Structure formats: C-alpha cells, structure tokens
Amino acid sequence: MQPTPKTAEDEDQTSPLIYLHAELLPHIRHITLYVSVPAEDSDAHAQSQDTCPRSVETKGDVQITLSESRRAVSVSVASPQLPDNRDDDASTETRTAMEAEPETETMKLPARVTEAARYVLRAPQWQRTSSEGRRRESSFRMQVAAADDDTGNQTNGTGLLAGRGGDEELVGGFVPWRAPDMRPGTRVRCRGCEGVVLDQPARSAGGWVWKDLPSGNWAEMMDFWHCHKPDPEGGHNHGDGEGKGEGDGEGGLDAGEQQQQQQGAKADGGGRSEDPNATVKGYGAANQVVATVGTILVDVATFLVAVEDCLGVMKDPDSDEIRCCNCNTLLGQVDLTAQGWRLFKTALSATKTNTDADTEQMEWESHPIEVIIAAQLLELVERESARRFVVHCGHSSGLLIWVFNPDMRYSNSSAHHSIAAQRAMKVFFQSLHNVEQTLHPEVGKPSTTLALEEVRLPEETYRAFEEVLHRRNAMLPVSASLFREWRVGILHRLQ
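If you're wondering where the values come from, they're calculated on a predicted model, not measured in any experiment.

Strands sit in the order E11-E12-E13-E17-E16-E15-E14 across an open sheet of seven strands; the sheet is mixed. Two strands bound the open sheet, and with one partner strand each, they are strand E11 (209-212) and strand E14 (313-315). Within the sheet, the average angular offset between the axes of one strand and its neighbour, ignoring direction, is 30 degrees. In this structure, E14 lies alongside strand E15 (residues 321-324), joined through three bridges in antiparallel fashion. Within the sheet, the bridge partner assigned to lysine 315 lies in E15 and is isoleucine 322.

The following block contains the structure:
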C-alpha cells in the first residue's frame with residue numbers, strides 16, 4: 001500500500017517559509033541536513049555567480065551560512081523583486097513590503113561538523129517537492145567533527161556524542177520511572193483529573209518500596225543456564241570435589257534440606273522429587289511475581305501494585321479494566337496471575353521529589369505517551385532482537401512498525417521543537433487493515449510472523465500514538481517523509 005504524498009496545499013498550510021531539519025547518525029558520524037524553501041519564480045538567479053565570503057554558501061536567491069563554531073546553520077531567502085513592467089499604480093507600501101529584508105532561519109545542529117561542511121553547503125541540488133512546484137528541497141551530508149579537532153576543543157567528551165566511544169548506556173536507561181528514580185514518599189495520580197491514586201502504603205509507615213521487575217523472559221533464560229541452577233543434582237559437580245557431600249561444601253545440602261528432599265521423594269511414590277530449593281529461592285516453575293502491599297513493582301510500561309494500596313480507582317464489572325472514579329479514565333487492568341493491578345504509566349503522573357508539602361505545592365511530572373511506547377519497543381529490540389512490530393488496540397486495524405534507527409538525535413526549525421537537539425528513534429510505519437491476518441496468515445501463504453512482535457495498547461493510548469506518528473511524518477521534509485512503501489516517523493525517547 002503506497003502512502004499518500006503531501007499535496008501543495010498541505011505544504012503551504014504546515015510548512016513555514018524556510019524549513020530546516022537535521023539528523024545525526026552517531027554510528028557513522030554524519031549529519032544529514034534538509035533545507036526546504038519556496039521555489040523561485042524564475043530561473044534568472046540560477047546562473048548567478050558565487051561572490052560571497054567563504055563562510056557563506058550561495059545558490060541563486062538562497063544563502064546558506066555555517067556559524068563560526070560550526071554548530072549552527074542559517075538559511076536566508078531573498079525577497080522576490082517586483083517586475084519592471086508592473087503598473088505604476090502599485091502602491092509604495094506594496095513595493096516596500098516586496099523588497100523587504102531577506103527571510104532568515106537559524107537552527108542549531110545536533111553536533112559540531114567539520115570545516116569541510118562549508119564546501120558541501122556551497123553546491124545544493126534543488127528538487128521540486130510538489131506537482132505544482134511551489135517548494136524545493138536540498139539535502140546535505142556533513143561529517144561530525146572529531147573528538148579533538150583543529151581548534152583543540154573536546155567535542156566528544158561533553159557533546160551529544162559523549163558516552164558512545166567508551167561508556168555504554170545503562171541497561172534500561174531508556175525506561176521512564178524506574179525503581180531507582182522513585183522514592184518512598186513518591187505519590188502517583190491520574191493524569192486526567194489529578195486524583196491521587198497512590199498516596200501512602202496501606203500497612204507501612206515507612207513509605208513505598210520500589211523494585212524493578214526482571215526481564216519478561218528471565219525464567220526461560222534460567223532454563224538455558226543449567227550450570228547456574230541453584231544446588232544442582234548429584235553428578236553435575238563439574239569436577240568440583242567428589243560430588244555433594246554431607247557437610248557444608250560448595251553446592252551441598254544441609255541436613256534440613258536433605259530431609260525435605262527425602263520427604264518429597266516419599267510423597268511422590270519414590271519417584272523423582274522436585275528440588276525444594278526451587279521454591280525457597282524462587283526458581284521453581286510454581287514461583288511467580290505477586291503483588292505485595294507496600295511494594296510497587298516497576299515494569300517498562302506499568303506499575304504492579306496491590307489492590308489495597310490504590311485510592312480513587314474502581315474495577316469495571318464487565319471487564320478487567322481499572323478506571324478512575326472521578327473521570328473514568330482507563331488507568332490499568334487486573335493481573336490475575338500476579339494477584340494485583342497493573343497501572344499504566346501513560347495514564348499517570350508522579351511527584352518528582354520526596355516532600356511532606358501539600359499536594360497543591362508538589363511538583364508533578366508525566367512522560368509523553370510516545371516516550372513510554374518507545375521504551376516498550378526498545379525493550380523488545382534488546383530482549384527479542386526484533387525490529388518489526390504489529391501495534392494495535394484489539395481492533396481489526398493497526399500499525400506495522402519498523403524500528404529503523406533506535407537511537408538518533410535530530411534538530412528541527414519548527415515552532416514546536418526545542419532549540420536543543422532531541423534524542424529520538426526513527427521508525428517506518430504502515431497502516432494495517434487486518435491485524436489478525438498479518439499475525440496469523442492462512443496456511444500456504446507466505447508468513448513474516450517469525451520476524452514480528454505484537455504490541456497491544458489501550459485504545460486511548462493507541463490513538464494518541466498513531467496521532468504522534470502522523471504529526472511527525474507531516475513535520476519531516478517531503479524527501480525525508482517517505483521510504484518506498486513506508487511512511488517515516490520519529491518517536492522521542494528518554495533523554
């Protein structure tokens with residue numbers, strides 16, 4: 001299914017006069033810069049000679065300037081001139097407005113570029129981006145400056161590329177609201193009506209205990225780590241002594257544990273008994289994570305809490321949904337396996353610091369929905385080595401997501417973008433009209449489900465996620481918004 005290209009009317013409504021967009025590709029140390037400006041009314045300026053100084057690159061009516069620090073770029077577009085045969089009745093105000101100062105736009109680059117970038121910017125290759133030719137675009141690829149460039153400045157130690165050469169990002173650093181980020185006095189409330197959901201533990205005066213949940217497939221991994229199982233059975237001593245002894249040797253059982261094993265063997269009719277340490281140490285298949293009063297277990301996208309600890313929430317009698325009593329916002333769902341409730345981070349806000357002040361004086365924070373969903377996708381990329389996902393909300397339609405670049409930084413000249421470079425992930429996406437057929441194709445038809453992971457979201461969250469993708473796609477330059485049959489989107493991730 002081919003994506004619908006942007007029309008000229010859409011560009012006029014969404015694009016400013018000058019539009020700049022830059023993406024940093026840290027692994028190859030390049031910055032791709034996109035420049036979009038209105039098309040020339042005539043080709044009179046196309047053959048003009050470049051007589052500007054070395055720091056200014058000129059092409060017709062467009063001037064591209066790289067700052068002295070090589071960290072920012074400016075683009076100026078000359079105002080159109082009135083034709084000589086225009087009627088003498090043209091007002092002075094009109095002529096003055098048409099001959100005003102050139103329009104200029106400046107944008108800070110995601111990283112510092114080399115001196116050679118000045119020569120790259122001197123030769124733009126303009127392309128018309130609409131059928132009516134109202135706008136034109138040009139792209140440039142510039143190399144990022146080395147750690148110690150000719151000016152002696154250390155750009156890799158303190159810049160946006162810091163930490164990529166030696167120190168790797170901490171595992172789970174892209175996950176918002178991890179257990180180390182929370183405090184015993186942290187409060188949680190509904191993002192919609194600001195009603196408090198988690199205030200103080202029901203049975204503990206010392207505040208909340210926050211714990212990170214393990215990876216989703218930790219039990220499966222334990223099955224592969226045979227040599228690391230607790231207290232392996234006899235015959236698997238790997239040469240460490242003569243086997244399991246009666247004493248307290250390494251890997252041996254004490255008298256009480258041996259008695260438990262003998263009792264288990266008798267109860268099983270003399271057959272093979274289950275290792276009692278599996279139950280004690282939480283390794284057995286019967287062990288599972290269970291919600292505990294006073295303890296909040298933190299997942300990538302949810303908080304697992306005990307029912308007794310929640311305030312102002314109710315369970316939907318017709319489903320397993322947990323909703324806010326004040327505004328009826330979907331806050332979570334029942335987890336029967338864990339005997340608790342899972343609260344969605346996308347529907348909550350939390351206090352930043354531990355304080356005893358009144359609720360009105362507390363400083364609350366909430367993470368954008370796209371940041372939390374991006375963390376879910378990144379966690380699956382790390383855990384399952386998957387790059388393509390079917391994202392849906394239980395309906396027949398959904399989105400096919402391809403995580404093309406999980407970590408990049410970009411700058412944008414739009415009014416809604418921050419001056420500083422934003423950390424994000426680039427994704428390609430398509431609309432799906434039949435999610436079930438994509439996940440479970442008919443027998444005999446080619447299947448790609450082995451390379452797909454399913455991500456199901458609440459309907460409100462999915463709609464917001466879909467809106468973000470389409471809005472970011474509209475933000476991109478036309479030449480960068482499509483890749484074959486895919487639309488290109490950007491999802492912000494935790495800085």
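Back to the text.
Reading across the sheet, the four strands line up as E10-E9-E18-E19 and stay open at both edges, with antiparallel pairing between neighbours. Every interior strand has two partners, whereas the edge strands, strand E10 (196-198) and strand E19 (364-365), have only one. Sheet topology note: the strand E18 (residues 348-351)/E19 ladder contains two bridges and is antiparallel. Residue pairing for E19: alanine 350 is matched across the bridge by glutamate 365.

This part takes up helix H10 (residues 459-475). With 17 residues, H10 should cover 24 Å at 1.5 Å per step; its first-to-last C-alpha distance of 24 Å lies within 8% of that length. Along H10, the residues that are buried comprise Thr461, Tyr462, Phe465, Glu466, Val468, Leu469, Arg472, Asn473 and Met475. On the buried face of H10, the contacting elements are strand E1 (19-25), helix H8 (369-384), strand E20 (388-392), strand E21 (398-412), strand E22 (422-432) and strand E25 (486-492).

Throughout the structure, instances matching the rule amount to 19 salt bridges. Between arginine 187 and aspartate 199 there is a salt bridge, with the nearest N and O atoms lying 2.9 Å from each other. Of this pair, arginine 187 sits in the loop between helix H4 (155-158) and strand E9 (188-190) while aspartate 199 is found in the loop between E10 and E11, placing the two residues twelve residues apart along the sequence. Of the residues examined, arginine 187 reaches a relative accessible area of 17% and is grouped as buried. When the shortest N-O distance is used, the salt bridge between glutamate 321 and arginine 323 registers 2.9 Å. What makes glutamate 321 partly exposed here is its relative accessible area of 25%. Judged by relative accessible area, which is 15%, arginine 323 ranks as buried. Salt bridges linked by common partners bring Arg70, Glu115 and Arg118 together as one network.

For H8, with 16 residues, the first-to-last C-alpha span of 22 Å sits near the 22 Å given by 1.5 Å per residue. Counting buried positions along H8 gives twelve out of 16 residues, so the element sits mostly inside the fold. All of the buried residues in H8 are Glu370, Val371, Ile372, Ile373, Ala374, Ala375, Gln376, Leu377, Leu378, Glu379, Leu380 and Val381. Against the buried residues of H8 lie E20, E21, E22, strand E23 (452-456), H10 and E25. Serine 385 lies just past H8 and shows a positive phi near 55 degrees.

Running from amino to carboxyl end, H8 crosses H10 at an angle of 95 degrees, the nearest separation of the two axes being 10 Å. Taken together, the axes of H8 and H10 lie roughly perpendicular to each other. Of the residues in H10, those in contact with Ile369, Glu370 and Ile373 of H8 are Thr461, Ala464, Phe465, Val468 and Arg472. Class assignment for the residues of the contact of H8 with H10 results in five nonpolar, one polar and two charged.

With that out of the way, let us pick up the environment of lysine 352. Examined against the element boundaries, lysine 352 turns out to sit in the loop between E18 and E19. For lysine 352, a relative accessible area of 39% corresponds to the partly exposed category. A sequence separation of 14 residues divides lysine 352 from serine 366, and the C-alpha atoms of the two residues are 9.5 Å apart.

All chains considered together, the criterion is met by eight aromatic pairs. An angle of 80 degrees between the planes, with centres 5.9 Å apart, marks the rings of tryptophan 402 and phenylalanine 404 as edge-to-face. Their ring planes at 25 degrees and their centres at 5.0 Å tell us that phenylalanine 428 and phenylalanine 483 sit as a pair that is stacked. Pair noted here: phenylalanine 428 is in strand E22 and phenylalanine 483 is in strand E24 (residues 482-483), with a separation of 55 residues, a long-range link. With relative accessibility at 30%, the residue phenylalanine 483 sits in the partly exposed group. Ring-pair connections join several aromatic residues into one group, and the members of that group are Trp402, Phe404, Phe428, Phe483 and Trp486. One cation-aromatic arrangement involves arginine 136 over tryptophan 126; the distance from NZ or CZ to the ring centre is 5.0 Å.

The rules behind the values
Residues numbered from 1 in each chain as written. Predicted model: local features only at pLDDT ≥ 70, side-chain atom pairs only at ≥ 80, totals over all residues. Heavy atoms only, no water. Pairing = 2+ DSSP bridges. Helix = DSSP H or I, 4+ residues; strand = E, 2+ residues; numbered from the N terminus. Axes fitted to C-alpha atoms, helices over the stretch in contact; angles between N-to-C directions. Expected span 1.5 Å × (residues − 1). Buried < 20%, exposed > 50% of the residue type's maximum accessible area, 1.4 Å probe, protein only. Contact = heavy atoms within 4.5 Å. Salt bridge = Lys/Arg side-chain N within 4 Å of Asp/Glu carboxyl O. Parallel < 35°, antiparallel > 145°, perpendicular 65-115°, else oblique. Nonpolar A, V, L, I, M, F, W, Y, C, P; charged D, E, K, R; others polar. Phe/Tyr/Trp six-rings, centres within 6.5 Å; stacked < 30°, edge-to-face > 60°. Lys NZ or Arg CZ within 6 Å of the ring centre and 35° of its normal.

So far we have only geometry, and geometry alone does not tell us how the molecule works.
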